[in-house]
Amino acid sequence: MPENIFKVNEEEYMLPGNRACQGCGLSLAYRYALKALREDTILTIPASCLTVLHGLYPTTSVTIPCLNCTFASTAASAAGLVAGLTATGKTNTTVVAFAGDGGTYDIGIQALSGAAERGTDFIFVCYDNEGYMNTGTQRSSATPMGALTTTTPILTKEQNKKDMLKIMEAHDIAYIATTSPAYPLDLYDKFVKAKRIRGTRYMQIHVPCPPGWGYPPRDTVKIARLAIETGVFVLFEVENGKFRFTGRSKSLAEKGNRLPLINYIERQDRFKKMSVEQLSRFQKFIDNKWHEYIKKAEA
Amino acid sequence: MAETIIMTGNTAAAIAAKLCQVQVVAAYPITPQTSIIETLSQFIESGALKAEYVRVESEHSAMTVCISASTVGARVFTSTSSHGLLYMHEQLHWAAGSRLPVVMCCVNRGVGAPWSIFNDQQDSIAQRDTGWIQLYCRDNQEIIDTVIQAYRIAEEVYAPVMVCYDGFVLSHTMMPVCVPDTETVNSFLPPYKPHTFLSAEKPRNINPVIFPGMRHNSEGVLCDGYMEMRYKLQEALEKARDVIVSVGMQYAKLTGRDYSELLWRYKTEDAEILLTGMGSIATEATVAVDQLRQEGIKAGVVGIRAYRPFPRKAIQEALKNAKALIVLEKDISYGFEGALCSDIKAALYGTGLNAPLHNYIAGLGGRDVKAREIYEAVKTSLEDMKSKKAQNKTIWINCRR
Ligand SMILES: Cc1ncc(C[n+]2csc(CCOP(=O)(O)OP(=O)(O)O)c2C)c(N)n1
Ligand code: SF4
Ligand SMILES: [Mg+2]
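Bear in mind that the values here come from a model prediction, so they are computed numbers and not experimental data.

1. Comments concerning the coordination of the magnesium ion (ligand 3)
Residue and element names in this part refer to chain A.
So, point 1. Within the protein, Asp-101 (OD), Asn-129 (OD1) and Gly-131 (O) serve as the donor atoms for the magnesium ion (ligand 3), at 2.0 to 2.1 Å.
So, point 2. Each donor residue of the magnesium ion (ligand 3) lies on one chain, and together they are spaced D-x27-N-x1-G. Linking Asp-101 in the loop between β3 (94–100) and α4 (102–106) with Asn-129 in the loop between β4 (122–128) and α6 (164–169), this pair joins segments that are 28 residues apart in sequence. In this pair, the class of Asp-101 matches that of Asn-129, namely buried.

What follows is the structure, encoded as structure tokens:
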């Protein structure tokens, strides 16, 4: 049921002018996510770049109601909103938690796992910029191998990225989808769909970050696309346990024409100290994941 | 009709939450608090209480759920002890900073390492500066009455209230409790009507980043900065003293039980030796006072009900004729003295009262402290105080030194 560009909600919920950096992948994705979520939504967000995007008291750049919460508490904050709204008879409001990778993979994972296990009726969105960006690009468990961060400044990150999507799949939740700001309509459709489904929905957006990744702000969409072309990031949905590729990843899977990883790596300063050995390990890591996905799609 | 039933402190707390018709409960098990939430689970699953119960995976999440549910306008309840309370620390600040009327029971228990499940008050004392109102109970009747009053207080001053009582000593001990009837509680505590709440209809951004200075909003109004918000929280807690008293007086009118003061007194009219403390240790002190009086020693007890806001004036008034002061407490501010002792001294500063004061650190991690031992300690102190060198001392009671 892909909607076309003419069907996209015309209303803007992110006002022009916000505090995110130039070329921020999060801003692009957020604009379309909010258009899809539209009215009858309450957001809750932890400490992150998104807090900054929302603006400084007493003004805000976002017109959807929002409750800021502490870094570790995002999913519990959403659960509290759901419980409070249910108890006061307001069951038509969609509760949406929007957290960074640090707030999802690391400090927020406990509350998220708890809320998902309880089947809390909410959407959890992880926008993954692959590091603690708000505090100045430190390593998180979502940072890919070989990346320089301010806490892996010489040796680069030595471990592979954590597979958060697999962790969420293991929770047997209602809906999982991955999206990218390079494909705003795909992103929009998935958020529209997520809003219609009840139960726990988990969305992950791969958001390039010019200062944190080291590339010119004008290249955000290009980088986001290359992530998909190389299979570093894969567009898919899991609905009622059924996996399926979507969008560009679907045709890559059909045609088997993924680009080599180097095309993605060479454009980002964060990988400039990556060794040849790391590159081949990273490539292997991606290939293995890709094959896992192919198997799931065939199952 | 009110009914008198024999019950534990934890049952009293759960019944109180039910009588207050709390709408959202979120809690996590920890001894000695657990039976409160077990009882509430029974109430909720049997349909006796209509509420959302969120069985969270941690205390951090329990307090978070209370915060968010309260933000959208629900009346909320939680309870915890010891490490659970410490684990909530970040969220305690967040609840108070958000000015939400969350009510929580803290069943006081010692804090590790090493592990202790037994009673002292180090847990709640360690949360003193989080912006919560702290009320201490001395028996199970006070637990049920204080929880009910706590909602009135919280919802009037927009600050969270912690109802503290001693683990096992009260939580697991059966006592007769007069349970007010639903109509009485309903007339005392109407349904919660928040002055502001978050809803999908009214976009706003609650608790965003704030800078040190004041800033204008889009309508050109100069809004509070961080300092102003903190000042208002401080003002709310200062104001809470009068609210606690007036709520207590209204409650007294309905139930006949006296809650008209921030303190309670025992044989203080002619007392020269005044013992103070919070919770069950102060109750124990009343027995010691009876023994002292049998020997003609004019002793009395001033029990502290409200620890935050601290009843400065009431304490000045209650202690003004003291010739000797004994502060008993189940906590320690390491590197100094008992926290209550410091606060009492601070309250007396500048009043001209210069009575000798002995601070007893007692009952940590559940170490028994009997009335007889308090009696003996007071006798020793009185002897000791005659010497100029022993006017101000911290003494660990029942402890090998
Ligand atoms: C308990 C706690 N620890 C640390 C911080 C500091 N902190 C604020 S935002 C942030 C990084 C957030 O990273 P992520 O969730 O990935 O979001 P991003 O900033 O990258 O968008 C950190 C470490 C905090 N606010 N709270
Ligand atoms: S640091 Fe990166 S994620 Fe954060 S606002 Fe800037 S571009 Fe966006
Ligand atoms: Mg991040």
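2. Details of the site of ligand 1
So, point 1. Neighbouring ligand 1 are 17 residues; A:Gly102, A:Gly103, A:Tyr127, A:Gly131 and A:Asn134 lie closest to it.
So, point 2. More than one chain reaches ligand 1: its neighbouring residues belong to chains A and B.
So, point 3. The backbone of A:Gly102 places a nitrogen or oxygen atom 2.8 Å from an oxygen atom of ligand 1.
So, point 4. Burial of ligand 1 by the protein amounts to 75% of the accessible area it has alone, namely 580 Å².
So, point 5. Class assignment for the residues of the shell around ligand 1 results in seven nonpolar, eight polar and two charged.

3. Remarks on the side chain of A:Glu229
Residues and elements named next belong to chain A.
So, point 1. Along the chain, the position of Glu-229 falls in helix α9 (residues 220–229).
So, point 2. Classification of Glu-229 as buried rests on a relative accessible area of 15%.
So, point 3. Of note is the side chain of Glu-229, whose polar atom sits 2.7 Å from the side chain of Arg-248.
So, point 4. Beyond its immediate stretch of four places on either side in the chain, Glu-229 contacts Tyr-183, Arg-248, Leu-252, Arg-258 and Leu-259.

4. As for the environment of B:Pro160
All names here are of chain B.
So, point 1. Within the secondary structure layout, Pro-160 lies in the loop between α7 (140–157) and β7 (161–166).
So, point 2. Expressed as a C-alpha distance, the spacing of Pro-160 and Trp-132, which sit 28 residues apart in the sequence, is 5.2 Å.
So, point 3. Those residues within four positions of Pro-160 in sequence are excluded, and the remaining contacts are Ala-95, Ala-96, Leu-100, Val-102, Gly-131, Trp-132 and Ile-133.

5. Here we look at the interface of chain A and chain B
So, point 1. In this complex, chain A contributes 39 residues to the contact, which on the side of chain B involves 44 residues.
So, point 2. Taken together, both faces of the contact between chain A and chain B bury some 3200 Å²; the carbon and sulfur share is 64%.
So, point 3. Taken as a group, A:Leu56, A:Tyr57 and A:Thr70 account for 19% of the area that chain A buries against chain B, more than any other trio of residues on that side.
So, point 4. At the junction of chain A and chain B, the tally comes to one salt bridge.
So, point 5. Our enumeration of links across chain A and chain B arrives at 13 residue pairs in polar contact (both at pLDDT 80 or more).
So, point 6. Looking at the side of chain A that touches chain B, the elements with two or more residues in it are β1 (41–45), β2 (66–68), α3 (74–87) and α5 (109–117) of chain A.
So, point 7. Ranked by residues supplied to the side of chain A that touches chain B, first place goes to α3(A) with ten residues.

About the cut-offs
Residues numbered from 1 in each chain as written. Chains lettered and ligands numbered in written order. Predicted model: local features only at pLDDT ≥ 70, side-chain atom pairs only at ≥ 80, totals over all residues. Heavy atoms only, no water. Donors = N, O, S within 2.8 Å, 3.2 Å for Na, K, Ca; no water. Helix = DSSP H or I, 4+ residues; strand = E, 2+ residues; numbered from the N terminus. Buried < 20%, exposed > 50% of the residue type's maximum accessible area, 1.4 Å probe, protein only. Near = heavy atom within 4 Å. Polar contact = N/O pair within 3.5 Å; in protein donor to acceptor, adjacent residues only side chain to side chain. Areas by Shrake-Rupley, 256 points an atom, 1.4 Å probe, with all protein chains shown as cover. Nonpolar A, V, L, I, M, F, W, Y, C, P; charged D, E, K, R; others polar. Contact = heavy atoms within 4.5 Å. Buried area = accessible area lost by both parts, 1.4 Å probe. Salt bridge = Lys/Arg side-chain N within 4 Å of Asp/Glu carboxyl O.

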